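# Structural description and commentary
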Amino acid sequence: MTDLVNSVNPGSDTSPLEGRPARWRSNGSLLLGLSILAIVVAMAIFAPLLAPYDPYAQSLPNRFTPPVWLPGGGWDHILGTDQLGRDYLSRIIYGSRISLSIGIGTALVSGLIGSTLGICAGYFGGRIDSVIMFVVTARLALPVVLVALAIVAIFGSSFTVVLLTLGGLLWERFALVTRAATIQLRGADFVTAAEIQGATVPQVMLHQLIPNLANAIVVVATLEMAQAMILEAALSFLGLGVPAPMPSWGLMIAEGKAQILFEPWLITIPGAFLFALVLATNLLGDGLRDVLAPESRN
Amino acid sequence: MLLNVKGLSINLATQRGTLSAVQDVSFHVDKGETLCIVGESGCGKSITALSLLRLLPASARLTAETISFNDLDLLTLPEADIRPLRGNRLSMIFQDPMSALNPLHTVGRQLTDVLLAHQHVTRAKAAERACELLLKVGIPNPEERLQQYPHELSGGLRQRIVIAMALMCEPELIIADEPTTALDVTIQADLLRLLKELQQALGMGMIFITHDLGLVSRIADRIVVMYAGEVVEAGPASAIFEHPAHPYTRALLGAVPDPSHPRMEPLESIPGTVPSLLSRDKTCHFRGRCPMAQDICNNRISLQTVGADHQARCIRVGAEDSQ
Amino acid sequence: MTPPLLELRDITHDYVVRHGIFGTRRRVRAVDGVNLRIGKGDVLGIVGESGSGKSTLARIMLGLLDPSEGAALLEGKPVSAFPRRGLAEKVGFIFQDPYSSLNPRQTVEQIIGYPIRLRDRGSPGSRRDLVRQTMEVVGLPERFLDAYPGQMSGGQRQRVAIARALITRPGLLLCDEPTSALDVSVQAQVLNLLLELRKDHELTYAIISHNMSVIQHMTTHVAVMYLGRIVEMDRSERVFANPQHPYTQLLLDSMLTVAPGKGIPELRLDTAAREAMRDHPVHIVTN
């Protein structure tokens with residue numbers, strides 16, 4: 001016995017974790033996405049410190065001041081002012097809070113709904129699976145934007161309504177991914193081992209399944225976040241997203257559209273920020289998938 | 001000499017550096033001869049076989065002094081000239097028959113396709129040959145089987161079909177990588193016997209890769225024992241089973257539960273684990289697990305001659321004889 | 001007379017197979033009238049070809065499957081009468097594949113301690129001590145406590161699996177091909193460990209395997225299964241020395257023991273031979 005005890009050494013050269021830092025570092029899209037996202041997150045957190053003006057403070061004499069690089073612009077308002085004379089930079093900075101919280105909030109709500117349904121469908125199978133898959137199919141048949149518009153039109157537009165609506169609609173990818181992964185894990189011997197030991201269904205899910213699904217869920221969450229931010233902007237653009245005067249980037253684009261021929265920067269500046277944020281989130285999602293769950297690449 | 005491999009080394013680029021999977025491996029196979037490559041998982045036996053057909057992953061770098069097949073130099077032969085060899089003059093049988101069969105085509109279609117790809121024959125002639133071979137690998141009513149899809153067959157039948165497929169073009173060399181480990185023991189014995197008979201009838205050379213020493217003792221003419229990417233012992237089967245010279249070979253033989261071993265008494269086990277192939281030090285690779293390791297084992301050692309055509313990579317080879 | 005540790009009485013089990021979604025249902029008999037007893041301290045080997053009903057039998061013994069007919073009795077009480085957790089404290093299970101049987105996201109401590117965590121026994125500190133003790137029993141150094149399965153070799157993982165099965169101190173350990181996924185040298189380590197544990201902790205084993213050499217080395221009794229029935233059962237030395245049933249004979253003939261130059265034995269596997277095996281009277285000796 002003692003020779004066995006002394007001889008076994010940790011087979012550290014087989015550690016999957018060891019390869020991680022290298023994979024993190026060498027993944028360009030992950031790094032780019034992460035850096036852009038970090039900047040936006042910093043903007044959102046430190047908005048009161050960074051913003052030069054109150055984003056709601058109107059100053060009608062100063063309407064439509066162009067940004068600093070255009071003739072007539074000045075360093076007082078680096079990104080100019082809007083139709084009510086509000087500082088555009090301050091509104092952009094505060095706007096990041098809305099985009100991010102909609103993105104994260106939606107991912108949380110839809111992740112909770114989708115993962116619960118997906119895990120149940122995959123674990124129980126049979127009739128429960130059929131019913132859940134029918135709900136997923138039905139959900140896929142719904143045009144997201146139209147349904148969101150209808151709901152917002154009924155309940156009135158507010159931040160909470162937009163968040164819950166999007167969260168209630170964007171869960172199908174969570175459900176499909178977790179269901180497929182759960183079906184695979186369901187047959188793994190370690191799940192059977194826990195069942196033999198008398199683990200209850202919630203215990204099996206919590207201890208054995210979810211830790212193995214976490215990576216896939218995180219990846220889907222980032223992708224859904226990007227989706228939600230775009231949809232929020234679209235809803236706000238249509239006037240049914242977060243209500244004015246909140247500084248949502250989508251709302252800013254909508255407010256600028258009347259001036260599109262004369263002051264195109266009113267649209268391009270929030271548009272560029274929205275583009276950068278969504279791109280960064282998508283890059284992060286792709287990069288995370290490569291690092292955390294390369295098996296789910298398709 | 002049918003196949004001659006000299007100084008074969010394979011490096012794999014991984015995220016954690018270069019992994020030396022195979023190092024300076026040499027062996028040869030003659031016509032009608034069975035060479036068994038024996039070793040445990042990760043010893044480099046399978047990748048050695050794949051390299052002969054040039055089926056290595058893209059991250060692999062191969063170097064060798066010689067790899068010659070008959071008069072062909074496999075080392076320098078362009079890819080376009082290798083392809084017609086595969087499945088034709090050089091065949092391979094894998095452990096998992098399902099991976100070798102296309103689930104979308106009937107067995108008959110797949111068998112005839114092999115022949116049609118390499119020889120100018122009519123489809124009818126090819127089908128005739130397929131029937132003939134299925135009978136030879138012990139499948140009754142072959143006409144019926146040819147119409148079936150792989151999923152309709154049992155594991156044993158599938159592996160028989162894969163063997164028939166490998167034999168369609170009457171190859172000169174057949175490489176079998178653990179072809180029977182996934183099968184029931186009775187079917188395993190039956191298939192091995194068949195493979196051996198066909199080999200002798202057709203005068204094929206065979207490289208048989210396995211970790212099962214009992215099996216090796218029954219079919220091998222010559223044996224190469226691999227450990228951590230290196231040949232640690234090579235020689236005629238009789239010599240290796242009668243006088244195993246390397247401590248690893250001896251330990252492997254002692255570890256197999258065998259009717260000759262007293263029941264319920266401890267088997268000989270090899271303590272420890274295989275060293276990492278990432279950072280090779282300049283010592284005997286088996287030193288850490290060897291019951292007879294000494295200070296002198298800290299030096300690299302080349303293959304030492306034990307007897308006629310029998311070598312072992314152990315410093316004690318000469319010393320023991322003189323005792 | 002004390003009842004045997006585990007007894008199967010006239011166990012028959014059918015699976016329902018459906019062809020296609022709307023196809024007809026068909027019953028397939030996996031196990032057909034099996035009787036067997038495992039006495040305390042025995043090592044029973046269960047051998048047979050794939051699909052002969054070995055795994056179904058194991059699931060019935062573990063209480064994961066209710067047989068269509070017959071009863072499985074543990075210490076004289078029906079297995080189905082035990083609560084799941086109570087049964088798990090009496091019957092441990094070792095899986096074939098130590099790569100799939102350990103949760104890759106749990107540390108060795110979490111894996112081995114999981115059965116006692118489920119039972120909410122003791123404080124985290126005392127649980128950790130028990131995990132340590134059990135690791136020592138199976139020969140795992142303490143430094144593995146926080147390792148993940150991915151960082152360990154096959155043999156080390158199988159030790160973790162054995163430790164997990166042993167931590168609730170079951171009297172019976174059911175092993176399904178415990179070494180067939182392991183290398184020869186590691187197989188020897190695990191078999192030695194199982195033999196040693198049996199001696200030190202008075203364990204009883206049921207070992208399912210298709211490796212006749214392992215069965216011969218490890219067992220006191222053998223049950224040979226063919227087409228869902230036990231066709232021969234007796235003490236190991238008698239079965240291996242003097243097989244009574246043609247299927248047992250066939251299994252012994254197909255053993256490839258180390259015998260240089262002996263060649264591959266010729267077996268009769270044709271339909272006539274199979275029919276003869278099916279119709280041959282069974283040979284069962286219980287003691």
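Description of the structure in this document. (Residues numbered from 1 in each chain as written. Chains lettered and ligands numbered in written order. Predicted model: local features only at pLDDT ≥ 70, side-chain atom pairs only at ≥ 80, totals over all residues. Heavy atoms only, no water.)

### A word on the interface of chain C and chain A
At the interface, 37 residues of chain C touch 30 residues of chain A. Where chain C abuts chain A, roughly 2800 Å² becomes buried across the two surfaces, and 55% of that area is made up of carbon and sulfur atoms. Run the count over chain C and chain A and you get zero salt bridges. Linking chain C with chain A are eleven residue pairs in polar contact (both at pLDDT 80 or more). No other element matches helix α3 (residues 108-118) of chain C, which puts four residues into the side of chain C that touches chain A. Split into classes, the residues belonging to the side of chain C that touches chain A amount to 17 nonpolar, ten polar and ten charged. (Contact = heavy atoms within 4.5 Å. Buried area = accessible area lost by both parts, 1.4 Å probe. Salt bridge = Lys/Arg side-chain N within 4 Å of Asp/Glu carboxyl O. Polar contact = N/O pair within 3.5 Å; in protein donor to acceptor, adjacent residues only side chain to side chain. Helix = DSSP H or I, 4+ residues; strand = E, 2+ residues; numbered from the N terminus. Nonpolar A, V, L, I, M, F, W, Y, C, P; charged D, E, K, R; others polar.)

### Digging into the nonpolar core
Ranked by internal contacts, the top residues of the largest apolar core, which has 123 residues, are Leu-111, Phe-208 and Ile-223 of chain B together with Ile-112 and Ile-162 of chain C. In terms of residue count, the dominant contributor to this core is helix α6 (residues 184-201) of chain C (nine residues). Not counting residues within four places of it along the chain, the set of residues in contact with Phe-208 of chain B comprises Thr-34, Leu-35, Cys-36, Ile-37, Ala-176, Pro-179, Leu-192, Leu-195, Leu-215 and Ile-219 of chain B. Among the nonpolar cores identified, the runner-up in size contains 37 residues, and Ile-93, Phe-174, Leu-266 and Leu-277 of chain A belong to it. (Core = buried A, V, L, I, M, F, W, Y, C linked by side-chain atoms within 4.5 Å. Buried < 20%, exposed > 50% of the residue type's maximum accessible area, 1.4 Å probe, protein only.)

### Some details on the packing of α3 of chain C against helix α4 (residues 124-137) of chain C
Residues and elements named next belong to chain C. In contact at an axis separation of 9 Å, α3 and α4 are set at 115 degrees when each is read in the N-to-C sense. Considered as vectors, α3 and α4 are oriented roughly perpendicular to each other. Between α3 and α4 lies a crossing whose hand is right-handed. Of the residues in α4, those in contact with Val-108, Glu-109, Ile-112, Gly-113, Ile-116 and Arg-117 of α3 are Arg-127, Arg-128, Leu-130, Val-131 and Met-135. Across the contact of α3 with α4, the residue classes tally to six nonpolar, one polar and four charged. (Axes fitted to C-alpha atoms, helices over the stretch in contact; angles between N-to-C directions. Parallel < 35°, antiparallel > 145°, perpendicular 65-115°, else oblique. Left-handed = near helix turned anticlockwise from the far one by under 90°.)

### Quick look at the sheet that holds strand β8 (residues 173-177) of chain B
All names here are of chain B. With respect to topology, eight strands assemble into an open sheet ordered β7-β8-β9-β3-β10-β11-β13-β12, the strand pairing being mixed. Edge positions in the open sheet fall to β7 (90-93) and β12 (304-307), since each of these has one partner strand only. For this sheet the average axis-to-axis angle between neighbouring strands, irrespective of direction, equals 20 degrees. Running over the sheet, helix α11 (residues 247-255) touches β10 (222-227) and β11 (230-236) and is turned about 100 degrees from β10. (Pairing = 2+ DSSP bridges.)

### Thoughts on helix α3 (residues 28-45) of chain A
All names here are of chain A. Compared with the 26 Å implied by 1.5 Å per residue over 18 residues, the 26 Å span of α3 between its first and last C-alpha is a close match. When we look at burial in α3, the residues that qualify are Leu-30, Gly-33, Leu-37, Val-40, Met-43 and Ala-44. Buried residues of α3 fall within an arc of 155 degrees about the axis and therefore sit on the same side. Residues of α3 that are exposed and point over 90 degrees away from its buried face: Ile-39 and Ile-45. (Expected span 1.5 Å × (residues − 1). Arc of directions from axis to C-beta.)

### Quick notes on the pairing of strand β9 (residues 205-210) of chain B
Two faces make up the sheet, and in a regular strand the side chains alternate between them. Residues and elements named next belong to chain B. When you tally the buried positions in β9, you get six out of six residues, the bulk of the element. What you see with β9 is no split at all: Gly-205, Ile-207 and Ile-209 on one side and Met-206, Phe-208 and Thr-210 on the other are buried throughout. One ladder, built from five bridges, connects strand β3 (residues 34-38) with β9; its direction is parallel. Residue pairing across strands places Leu-35 opposite Ile-207, the latter belonging to β9. Of the strand pairs in this sheet, β8 and β9 are connected by five bridges, and their pairing is parallel. Paired with Asp-177 across the bridge in β9 is Ile-209.

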